[in-house]
Structures are given as structure tokens and as C-alpha cells.
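Letter by letter, the chains look like this.
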Amino acid sequence: MRLDIRLHFEFGARLPAQALKDIPILLEEANQGILKKGCPKGKEEEASEVKEWRVEGANLFLRILSGRYVRAHHAVKRIRNFLSENMGKKYKTGIRKVFIDRFEIQYELDREPEKEITLPFVQKIEIRSNTAYLELENLPEDLLESGIDRLLDLLEDKIKRQSYGGKAEHWEILWESPQREPIWTGDPTQEMIKRGWVVRYLPGIWYHSFTSSKIMRTIEQICLEELLSPIGFQEVIIPKVTPFNIWLKTGHMPGSAPSIFYISQPKSWDPEFWEDLSDHVKITGEIPMKLLAEKIKEPLGGACYAQCPPLYSIFERQLLDEDDMPLKFFDRSGPSYRYEAGGLHGIERDTEFHRIELVWFGSKEQALQIKDQIMEKYKHIFNEIMELEWRTAWVTPWYMAQTGEKGVEEAKEKGTIDFEGWLPWRGNRKESEWLEFQNLTVAGTKFSDAFKFKIRPGKEVWTGCSGIGLERWMSVFLSQKGLDPKNWPESFRGYLSSLPKEPKTLKL
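These notes cover the structure that comes with them. (Residues numbered from 1 in each chain as written. Predicted model: local features only at pLDDT ≥ 70, side-chain atom pairs only at ≥ 80, totals over all residues. Heavy atoms only, no water.)

1. Focus: the pattern of salt bridges
- This structure, assessed with the given rule, holds 24 salt bridges.
- In this structure, Arg332 and Glu220 form a salt bridge, with 3.4 Å as the shortest nitrogen-oxygen distance. Note that Arg332 is positioned in the loop between strand E15 (327-331) and strand E16 (336-337) and Glu220 in helix H5 (residues 210-231), a separation of 112 residues in sequence.
- The partner of Asp331 in a salt bridge is Lys240, and the shortest N-O contact between them spans 2.9 Å. Here Asp331 is found in strand E15, whereas its partner Lys240 is found in the loop between strand E10 (234-235) and strand E11 (241-243), with 91 residues between them in sequence. (Salt bridge = Lys/Arg side-chain N within 4 Å of Asp/Glu carboxyl O. Helix = DSSP H or I, 4+ residues; strand = E, 2+ residues; numbered from the N terminus.)

2. Details of a negative patch on the surface
- A contiguous patch of negative charge on the surface is contributed by Asp270, Glu272, Glu275 and Asp279.
- Position of Asp279 relative to the elements: it lies in helix H8 (residues 275-284).
- With a relative accessible area of 34%, Asp279 lands in the partly exposed category. (Patch = residues over 30% accessible without salt bridge, like charges linked within 9 Å, V, L, I, M, F, W, Y side chains within 5 Å. Areas by Shrake-Rupley, 256 points an atom, 1.4 Å probe, with all protein chains shown as cover. Lys, Arg positive; Asp, Glu negative; His and termini not counted. Charge placed at Lys NZ, Arg CZ, Asp CG, Glu CD. Buried < 20%, exposed > 50% of the residue type's maximum accessible area, 1.4 Å probe, protein only.)

3. Regarding the side chain of Glu357
- Within the fold, Glu357 resides in strand E18 (residues 355-362).
- At 3.1 Å, the side chain of Glu357 forms a polar contact with the side chain of Arg355. (Polar contact = N/O pair within 3.5 Å; in protein donor to acceptor, adjacent residues only side chain to side chain.)

4. Digging into the sheet that holds strand E12 (residues 262-263)
- Taken in spatial order, the 3 strands make up an open sheet running E11-E13-E12, and their pairing is antiparallel. Strand pairing shows two members of the sheet lacking a second neighbour, E11 and E12, which therefore form its edges.
- As paired elements, E11 and strand E13 (residues 301-303) share 3 bridges and run antiparallel to each other. By the bridge assignment for E13, Val241 is matched with Ala303. (Pairing = 2+ DSSP bridges.)

5. Description of the nonpolar core
- Core analysis: the largest hydrophobic core is formed by 50 residues, its most contacted members being Leu358, Tyr378, Phe382 and Trp473.
- For this core, the element with the most residues is helix H11 (residues 364-385), which contributes 9 residues.
- Leave out the neighbours within four places in its chain, and Trp473 touches Ile219, Cys223, Tyr378, Ile381, Phe382, Met386, Phe437, Gln438 and Ile468.
- Listed in part, the 46 residues of the second largest apolar core include Leu27, Tyr107, Leu109 and Val122. (Core = buried A, V, L, I, M, F, W, Y, C linked by side-chain atoms within 4.5 Å. Contact = heavy atoms within 4.5 Å.)

6. Description of helix H2 (residues 72-91)
- Taking 1.5 Å of rise per residue, 20 residues should cover 28 Å, and H2 covers 27 Å from first to last C-alpha, within 8% of that figure.
- Ser84 marks the point of greatest bend in H2, at about 30°.
- For H2, the full list of buried residues reads Ala72, His73, Ala75, Val76, Ile79, Arg80, Phe82, Leu83, Met87, Gly88 and Tyr91.
- Of the residues one or two after H2, Lys92 is the one with positive phi, at around 55°. (Expected span 1.5 Å × (residues − 1). Bend = angle between axes of the 7 residues up to and from the residue.)

7. A look at the packing of aromatic side chains
- Applying the stated criterion across every chain yields a total of 26 aromatic pairs.
- The interplanar angle of 75° and the centroid separation of 6.3 Å between the aromatic rings of Phe261 and Tyr339 together place this pair among those described as edge-to-face. With Phe261 in the loop between helix H7 (252-255) and E12 and Tyr339 in the loop between E16 and strand E17 (352-353), this pair connects stretches of sequence that are 78 residues apart.
- With relative accessibility at 29%, the residue Phe261 sits in the partly exposed group.
- Ring centres 4.6 Å apart and planes at 10° place the aromatic pair Tyr312 and Phe447 in the stacked group. You can see Tyr312 sitting in helix H10 (residues 308-314) and its partner Phe447 sitting in helix H13 (residues 446-451), a full 135 residues away along the chain. Of the two residues, Tyr312 and Phe447, both sit in the buried class.
- What links up through ring pairs into an aromatic cluster is the set Trp175, Tyr378, Phe382, Trp390, Phe419, Phe437 and Trp473. (Phe/Tyr/Trp six-rings, centres within 6.5 Å; stacked < 30°, edge-to-face > 60°.)

Listed below in C-alpha cells is the structure:
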């Protein structure tokens, strides 16, 4: 690694002649002292060093070089504080601003990228022989302290993602149910549209009429009676607007940024503020979108992407009573939203969907025990009540794989299990894409660490979550069992034996 920063400090006044004599002495003292502090013994040549300097009026121009230790961008703050302390009292002037004029980085890579890489704040990226050459100009000072290190981490992350074929995770089969012959091979969405069970409202958003709603509420009832109540989950109502600061802590920002529906508030409630827009609508019958955009604030966050993040924030910096552990929550109070764009087809992949979200807190042992209990209940429901053909797979996030946690053998406790169902209308079992219709995650201390909550007296909290997607359960069930209740498993018909009558309509 080689770092080369050219910057200048702007003082509050023109530096006097005597200061020009003091500056080289102070910079040499810094080179031998504060810029070597913290550097491993024998690696001093890798530490920062001021190589060039000059004064123009009230500006002190510097060039700082470094290797891997006491990196040049960290040295800037040290030098600023050092000069301010030593020159401020003597010359009655301090450093007002710091300008990073140019920053050149040579950074060794484990592998070369497979395609072009772009990074924020970087004007030029060139990669030769597993070395990245980055050029940055006019950087904000507040980016130096941790932003440059994050930028280099991001560079590595992007290259690693490319080497995994663009996938964000690894997939390993865990368990498969017995094969079951499907009742039919039709696409349930198209048949439901014909029968008036669902109506496409907006891309990925559906109106569910009597029948579709009844089926989803039946699935919900099965989950309540067969899973949630026996294990002891209790209902809560979690807010459905998530501020950005929460998503920053959970990692949904920036990870899920392309899929979020963003929410903005009006700049004012005053009717006079909205009068010109109101008048425009009354005259034209249209909404002036540019004018509307001027009247709303920057997004404060987004619509519910996953139900659990706001719940974690409720317990931020809290000590939980060990006698209350484990805590078991579920929420079913409102829809979730994800922008799917090109991935949309039918009810199996929506931008507005309905879920029961299970979340649990406890010790490591409690969290893993609850996971096992939930797994057994899912197996009972899918095998004995819905009689589905399904399988489970261990999903190892790519960043776990990079650190050696490559799958089932190395990561049995933390991670995600996906539940996939065969959709006969997509093709045969071996070649078609199965639908992920359920998941279960044990996150370890990821979220309790992020929001700093513990079990009294300071024990770590493990968390887990599992989202039951009603539309997806319905899609897998109808894809395999058809739309006629006569063909449904007897155990499912014990919950829903007949369907409501849909209203008849004619096009005007």
C-alpha cells in the first residue's frame, strides 16, 4: 500500500516570517514523533511522513506519504492538532479549514476484478497486476478519518462479489421432502385473475378479493394455531416506517437501497403553502409533479422492508431482565414493500406483500432452541397439513464465505435457512427455479451489538427472525394443489373446506 496526500491548511491570518522558520522544525518533530506513534517496531518506514511543504499567504501546503501503518489520511488530523497547539498561542492564529487537494492510493488486491469498478469520490481507477491505483480530488475533510478505509473495504467487497458470479450468497441443500405428484401444472396467478380472485392494481401490488383473502387468512390461522401459540410467541404492532438511522445500523442501507420505497413528509401543513398546487390541479385535472417535489422534504426513511429493524431500535441501549428471557414477538399488522422491478411476475413476487414476522431474543442456547422448535413446526405444517413438495437450503452470505465460514459444516449456528417450494408450472423439478417461500435466520449478536442491548448483568443477546410470506405460501400451495378445494389435502380442508362466492362483474 502506498498513500500520497497533497493538502493545505488555511490559517485565520497570513503567517508571519518567524512562522516560516518554525514550520520545518515542527514538521520534522512530527515526522519523528506523532506520525510514528502506534507503528509496529521495525515498520517505521511504513508510517506517515511529511515530504514537502510550502507557505502561500495564509495557506500551508503539505505532501504526506505513507505505507500501511499510521496511514496518510489519519496523519492529517494529527498534524492539524499538533500545529494548532504549537502555533496557535504563539502567532494568535489557528487552522480554519483543511483542503484535500489530491489523494493518490496504490492498493494491493487479492485478485483483479472481472469487470469495471466504480467508487464514490474516486475520479480514476486503474488496476494493473493486482494493484489498484486510485486518484481522488477535493475530498471533504470528514471523509478522511474512517471514510477512506471504508472506501478500500468497499473496493475489496465489490471485487469479491464479482468473483461470486454476482450472487450475494452461497446455497447448500439441507433437506428435501418426498416428491409429490402435483394436481395440476397451471400458473395460479393467471387462473386467479380469470376467476376474479385477484386484480392487478399496480406493478407488484394486488387487490385480493374474497377467495384469495380467505386463503391467506387461513394460512395465517394455521400458523397461529400450529406454530405461534404452541411455542409461545406474543403479538406486537411494529411501526411500518423505518428511519434511515435504523437501516444504517442493520445494514439495510446501503445493501437494500435499490429495493426500498422511500417516504417523504410535506414541508408544511399550511394550506396557503399548497395553494398553487391545489389551483393547478383544479384547473388542469393533473398533478404537477415537479411542483409537488418542491413541497416535500428529503426522505426520512422508507416503508417497511422487513418488520424487525424498528423492533430492535425499541430496545436500543436497554438491559433486559434475564427472568424475561427468551422474548418471542410476532407482528402481522401491515404490509411490507420491496421494489422488485424486473423480477415481477405474479402473486409469488410482489412489491406489496403480507407477512407474519417472528422475532426472538435470548441467550445463545435459547435462540438456537427456538430455531429448532420453529423448524419442527414448519416441517409439520408443510408435510402434514399442506402436503407440499419443498426443501431447505443453508444460505451463507458471501462475506461469511470470505472469512472461512463457507457453509453448513463451518456455520451451523448463525446464518439463514431458506425454504423452497417447487412450482410445477415453471418446469420439472431438476431444471426449474424453485420459489423461496420462507426463511429462518439466527443472527447471533449482530443486531444486539448494533443497538447495544444486553441481558442483565451484561450478557450478550442472540436474536433470530423468520418471515412468513402469506402470498408466497399461497402461491406454492395453489401451484401444487390447484384451485379446487376438492383436491386439497384433507388436513388443510379442515381449516378451509369451501370458498366464498365472488361477485360477478361486466365491463362497461
